[in-house]
Amino acid sequence: MATMQMAIANIERVDIITEETTPRVFSFDTASDASAEAQVSAGAENELRIKNKILAQNITEDIVKGFNVNLTDSTFSPEVFALIDGGTSTVTGDEFKSYAAPTAGEVVERTKCNLAVYASEKDYDGNSLSYVAFVFPHAKGSPASVTLKDGEFYAPAYTLKSRPSKGQSPVRMVCLPSLPVIVAAAGDLPASPVSGKTCILIAASGITGTPDGAAIGSYAVYNGSTYAAV
């Protein structure tokens, strides 16, 4: 029996939507590296062995608690750095002023977010057939590392710890016809959507023209007359 096979490549984009009353959206296409390591509560094997015989085994399975997502960006974004590291960045217009890390020795309340990393499905001729979003819920940053090398550009390395709610999947892979347009208000909806091709990422609740009850961080595709949730 033949199985479906997809050739997936590249990091096309990374989207971060904060879990705040008024969500903030950070989107960048400069990530050079992304990896997700499953965080597991290891099971155990308790055996009843008498001399050279195993009479029975009591086995508990491994349970996935979430993922630690490691990201490397090719450029420095003060806002993203502050979100993940937990400090405060000062940006005036397009000018970066300063950054202050969290106070040493104190507990840091970092902002939770939904994290999506996009890769593309490639055709024989190199064109993108579709896009796959790897979505990690309730991710929270951790102290960011700083590594500088003479003659090389600074590439910030981040780790975000994603821990789903009870009953929620720790990671979703969503196949999309195009990279989604981020919609935080009705005015952000594409002016001329194409049926089956135009995809949106919902970044705020209650937006007229998006599916009713669609959660922040969810996707919808235009079906010719309206947007249908994916």
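Residues numbered from 1 in each chain as written. Predicted model: local features only at pLDDT ≥ 70, side-chain atom pairs only at ≥ 80, totals over all residues. Heavy atoms only, no water.

**Describing the layout of surface pockets**
What counts here: We place a 1 Å grid over just the protein atoms. Points where a 1.4 Å probe fits but has no way out form a cavity, open points with protein on both sides within 12 Å along at least 5 of 7 lines form a pocket, and any residue with an atom within 4 Å of a point lines it. Grid points are joined across faces, edges and corners, and a volume is the space filled by probe spheres set on the points. In DSSP terms, a helix is any run of H or I states spanning at least four residues, a strand is any run of E spanning at least two, and both are numbered starting from the N terminus. Residue polarity is assigned by list, with Asp, Glu, Lys and Arg as charged and Ala, Val, Leu, Ile, Met, Phe, Trp, Tyr, Cys and Pro as nonpolar; anything else, Gly included, falls into the polar class.
The computed volume of the largest pocket comes to approximately 210 Å³. For the largest pocket, the lining is made up of 14 residues, of which Ala 34, Ala 36, Val 117, Phe 134 and Phe 136 are closest to its centre. Elements supplying a minimum of two residues to the lining of the largest pocket: β1 (8-18), β3 (31-41), β6 (63-73), β9 (113-122) and β10 (128-141). Per-class residue counts for the lining of the largest pocket are twelve nonpolar, two polar and no charged. Each pocket or cavity is described by its volume, and for the second largest pocket that value is around 160 Å³. In terms of lining residues, the second largest pocket is bounded by Asn 114, Val 135, Pro 137, Gln 168, Ser 169, Arg 172, Ala 215, Ile 216, Gly 217 and Ser 218. Taken together, the residues of the lining of the second largest pocket break down into four nonpolar, five polar and one charged.

**A closer look at the packing of aromatic side chains**
Quick reminder of the rule: A pair of aromatic rings is counted whenever rings of Phe, Tyr or Trp (Trp by its six-membered ring) have centres within 6.5 Å, and the orientation is called stacked for planes under 30 degrees apart, edge-to-face for over 60 and tilted otherwise. For the exposure calls, accessible area comes from a 1.4 Å probe over protein chains only, and a residue counts as buried if that area is under 20% of its type's maximum, exposed if over 50%, partly exposed in between.
Applying the stated criterion across every chain, the model contains eight aromatic pairs. With a centroid separation of 5.8 Å and 65° between ring planes, the pair formed by Phe 67 and Phe 136 is classed as edge-to-face. Of the two residues, Phe 67 is situated in strand β6 and Phe 136 in strand β10; the sequence distance between them amounts to 69 residues. Here Phe 67 matches Phe 136 in class, with each residue buried. Centroid distance Phe 81 to Tyr 99: 5.1 Å. Interplanar angle 85°. Geometry classified as edge-to-face.

**Things to note about the sheet that holds strand β13 (residues 181-183)**
Inclusion rule: Pairing between strands is defined by DSSP: at least two bridges between the two strands are required. Only the contacting stretch of a helix is used when fitting its axis, a line to C-alpha atoms as for every element, and angles between N-to-C directions run 0 to 180 degrees.
Taken in spatial order, the four strands make up an open sheet running β13-β14-β15-β16, and their pairing is mixed. For this open sheet the edge positions go to β13 and β16 (227-229), each flanked by a neighbour on one side alone. Sheet twist, expressed as the average angle between the axes of neighbouring strands with direction ignored, equals 35°. Direction of pairing for β13 relative to strand β14 (residues 199-202): parallel, over a ladder of three bridges. Paired with Val 181 across the two strands is Ile 200, which belongs to β14.

**Let's talk about unusual backbone geometry**
The phi dihedral of Asn 10 is positive, around 70°, even though this residue is not glycine. With respect to the helices and strands, the residue Asn 10 is situated in strand β1.

**Overview of the pattern of salt bridges**
What counts, and what does not: Any carboxyl oxygen of Asp or Glu within 4 Å of a side-chain nitrogen of Lys or Arg constitutes a salt bridge here.
This model, assessed by the stated rule, comprises three salt bridges. Residue Glu 20 is joined to Arg 24 by a salt bridge in which the shortest nitrogen-to-oxygen separation is 2.9 Å. Residue Glu 20 is classed as partly exposed on the basis of its relative accessible area, which comes to 30%. With a closest N to O distance of 3.4 Å, Lys 97 and Glu 95 form a salt bridge. What makes Glu 95 partly exposed here is its relative accessible area of 45%.

**Focus on helix α1 (residues 78-85)**
To keep things clear, this is the line we draw: For this analysis, residues touch if any pair of their heavy atoms sits within 4.5 Å.
Most of α1 is tucked away, with seven of its eight residues classed as buried. Listed as buried for α1 are Pro 78, Val 80, Phe 81, Ala 82, Leu 83, Ile 84 and Asp 85. Looking at the packing, one finds that the buried side of α1 touches β1, β2 (25-28), β7 (88-92), β8 (95-100), β10 and β11 (157-162).

No statement about biological role is implied by the geometric values presented.
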